[in-house]
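Listed below, chain by chain, are the residues.
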Protein chains: 2
Amino acid sequence: MKLYCIGIGPGGVEQMTLRAVRALERCDCVAGYGLYLDLIDELIEGKETIETGMTREVDRCIAARDAARDGKTVAVVSSGDAGVYGMASLLFEVCADDPAIEIEVIPGVTAACAGGAVLGAPLTDDFVCVSLSDLLTPWAVIEKRLRCAAAGDLCIALYNPGSRTRTAHLRRACDILLESLPPSTVCGIVRNIGRTGERVALTTLDGLRDRPVDMLTTVFIGNSRTHAINGRMVTSRGYRGI
Amino acid sequence: MKLYCIGIGPGGVEQMTLRAVRALERCDCVAGYGLYLDLIDELIEGKETIETGMTREVDRCIAARDAARDGKTVAVVSSGDAGVYGMASLLFEVCADDPAIEIEVIPGVTAACAGGAVLGAPLTDDFVCVSLSDLLTPWAVIEKRLRCAAAGDLCIALYNPGSRTRTAHLRRACDILLESLPPSTVCGIVRNIGRTGERVALTTLDGLRDRPVDMLTTVFIGNSRTHAINGRMVTSRGYRGI
C-alpha cells in the first residue's frame, strides 16, 4: 500500500518539481485543502478527490489512509513543502499502527524559500521558521521562540502571521522582537507567493507591526547582516573581496 | 540585462521545479560549482559554463555578472535553494552598483526539506537552519545560535556539519546541545540527498556526536515533540484526535 505526501510548492504546476508531478500522475485519489487542489487542477482532472476544510486535517489524513487500504494509490498534498507545517507528520501519526502502508514524502519549495526569492535573498544567514498560529502551539512557546531568534541574531520567516481571528499576533510578535532588535531592522512581506495577485513590500520592524497580514502572507525579518539593495532584501553571507 | 539565480534542488533534473528547468533552457551561459553542474548536465549541454572551485564564489558571481553585461542570458546555479546558503545574496552584492541588471531568483528545494522528506517529517514544528561552517561566521556566533535553538525547543537542521578540515565541529555542536537537551533526543542523518548513494540513519543526540559527516551530509535534531515512528523521524504538529 502506497501513500504519497506531496509538497506542491507555493503556486501552480510550474512551481512543482518534476518528481512531484510524476507522483501525482500515478495517483487515483488526491486529498487536500480545496484551495491547494485548485492550484493543480490541470494535474488531477478525473481523479477522485478528498477535500476537507482548513481545520479538518486529521479527518483528511484518515480518509487518505482508508483509501490506501482500499487499494488506491493516494496522494495527500500540502502547499509549499510537505514537512514544513504540512501534512507529512500527521500522516505518519495516523498510519503509525499500520506499517504495511509505505509513506513516500515528496518535498516541495516552502514559503520561506519561495517568498525569500521574491524579496531577494533574506535567509542567506542562519534562520528560523516560526508559525504565529497558536491553534496547536501555546502562545507562550511562540513568544519564547521569538526571543530566542532575536538573541541568536537569526533571520526569521514567520508563517501564518495572521488570520481573521488572529489580527494582533504580528503586532505582538514585533513588540517582542523590538525589545532587543533595532526598529530599523529590514523586513519584508510577501502575499500570494507565486500565485495570481502576488504582492511584495519591504519595510522595517517598526513599520511591520501595523501591516495587515493573513494566512496567505509570509513575513521576513532580517538580522544584523540584512540590508536593502536596489529595493531587494538581502542578507549577506559574509564573503569578502566583493 | 537578465541574471537568473537558480536553486536546482538536492539532486538531478527530476528534483528541479518546472520553472527552474525552463529558465535554464533560456540561458546561454551557466555558472556553478562543478559538482552541481554535473547533476544537471543533460540541461546545459552545449551551453557556455563558468566553473570555479568551492571557495571561489565571489569570482564566480563576478564572471556571471560580466557575462550578463556582455549581453548573454546567464544563470548562476546553487544546489538546494538559491537563497539558503546559496549564491543569491552574493549576486545581489556583486551587482549592487548596476541596477540595470535584473536578477530573478528561482527558488528550489533546500536540504532541510529534501533530507527531512527522506527521514520522514522532522521539521513540522518551528525549526532553525544553522550552518556549522565557520569560514564565514565566527564559531562563537554558531555556538550562541545552537544554545538559542535548544532554549527555544526548536527543531534543528545542520548544514555543512563537517569537512576534511572541520572534523570536530559536529561533536562540539552536540556537546553544546547536550548541556540542555536529553541524550535520547531523536536525530537523523542524510547523506547525498536525492542523489546516487543516498544514505539515511536515525540516531540519538548522544549517538550523533561520534558520527562521521561531511559537506554532503545534512543533520537533523528533533525537539520535545519528535519521536521515531516505524523507523521514520517525525515531529508532531500537535493535532488532537488522532
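Residues numbered from 1 in each chain as written. Chains lettered and ligands numbered in written order. Predicted model: local features only at pLDDT ≥ 70, side-chain atom pairs only at ≥ 80, totals over all residues. Heavy atoms only, no water.

Peer 1: Whenever I open this one, the pattern of salt bridges confuses me. Can you help?
Peer 2: Pairing is possible between side chains that carry opposite charge, provided their charged atoms lie close to one another. Counted by the stated rule, this structure contains 38 salt bridges over all chains. The salt bridge partner of A:R145 is B:D153, with a shortest N-O separation of 3.6 Å. Of the two residues, A:R145 sits in helix α7 (residues 139-151) while B:D153 sits in the loop between α7 (139-151) and β8 (155-159), which places them in two different chains. B:D153 shares its class with A:R145; the two are buried. (Salt bridge = Lys/Arg side-chain N within 4 Å of Asp/Glu carboxyl O. Helix = DSSP H or I, 4+ residues; strand = E, 2+ residues; numbered from the N terminus. Buried < 20%, exposed > 50% of the residue type's maximum accessible area, 1.4 Å probe, protein only.)

Peer 1: I'm lost on helix α1 (residues 18-26) of chain A in this one. Help?
Peer 2: Given 3.6 residues per helical turn, the α-helix brings residues three or four places apart onto the same face. Among all positions in α1(A), only A:L18, A:A20, A:V21, A:A23 and A:L24 are buried. Of the surrounding elements, those touching the buried residues of α1(A) are β1 (2-7), β2 (29-33), α3 (41-44), β4 (74-78) and β5 (102-106) of chain A together with α1 (18-26) of chain B. (Contact = heavy atoms within 4.5 Å.)

Peer 1: Please clarify how empty space enclosed by the protein should be interpreted in this entry.
Peer 2: Taking a probe equal in size to a water molecule and rolling it over the atoms shows the remaining empty space. Applying the stated rule across the entire model yields five cavities of 30 Å³ or more. Taken together, 14 residues make up the lining of the largest cavity; nearest its centre are A:D81, A:G83, B:C113, B:G116 and B:A117. Of all the secondary-structure elements, those providing two or more residues to the lining of the largest cavity are α6 (111-119) and β6 (120-121) of chain B. No other element matches the four residues that α6(B) contributes to the lining of the largest cavity. Here the residues of the lining of the largest cavity sort into 10 nonpolar, three polar and one charged. Approximately 60 Å³ is the volume attributed to the second largest cavity. (1 Å grid on protein atoms, 1.4 Å probe; cavity = no way out; pocket = protein on both sides within 12 Å on 5 of 7 lines; lining within 4 Å. Points joined across faces, edges and corners; volume = space filled by probe spheres on them. Nonpolar A, V, L, I, M, F, W, Y, C, P; charged D, E, K, R; others polar.)

Peer 1: Teacher, can you tell me more about unusual backbone geometry here?
Peer 2: Excluding glycine, most residues fall at negative phi; most peptide bonds, likewise, are trans. In this structure, A:N192 takes a positive phi of about 55 degrees despite not being glycine. Here A:N192 shows up in the loop between β9 (186-191) and β10 (199-204). In the Ramachandran plot, B:Y85 falls in the positive-phi region, its phi being about 55 degrees despite a non-glycine side chain. Inspection of the secondary structure assignment puts B:Y85 in the loop between β4 (74-78) and α5 (88-94).

Peer 1: I'm lost on the interface of chain B and chain A in this one. Help?
Peer 2: Buried accessible area, meaning the area lost when the parts come together, often serves as the stated size of an interface. Taken together, the contact between chain B and chain A spans 72 residues of the former and 72 residues of the latter. Buried area between chain B and chain A, both sides added, is near 6300 Å², and the carbon and sulfur share of it is 60%. Connecting chain B to chain A are eight salt bridges. At the junction of chain B and chain A, the tally comes to 36 residue pairs in polar contact (both at pLDDT 80 or more). The leading source of residues in the side of chain B that touches chain A is α5(B), at six residues. A class-by-class count of the residues in the side of chain B that touches chain A yields 37 nonpolar, 20 polar and 15 charged. Here strand β7 (residues 127-131) of chain A runs beside strand β7 (residues 127-131) of chain B; their pairing, made up of three bridges, is antiparallel. Opposite A:V128, over in β7(B), you have B:V128 as the bridge partner. (Buried area = accessible area lost by both parts, 1.4 Å probe. Polar contact = N/O pair within 3.5 Å; in protein donor to acceptor, adjacent residues only side chain to side chain. Pairing = 2+ DSSP bridges.)

Read these as layout, nothing more, since geometry by itself doesn't imply function.
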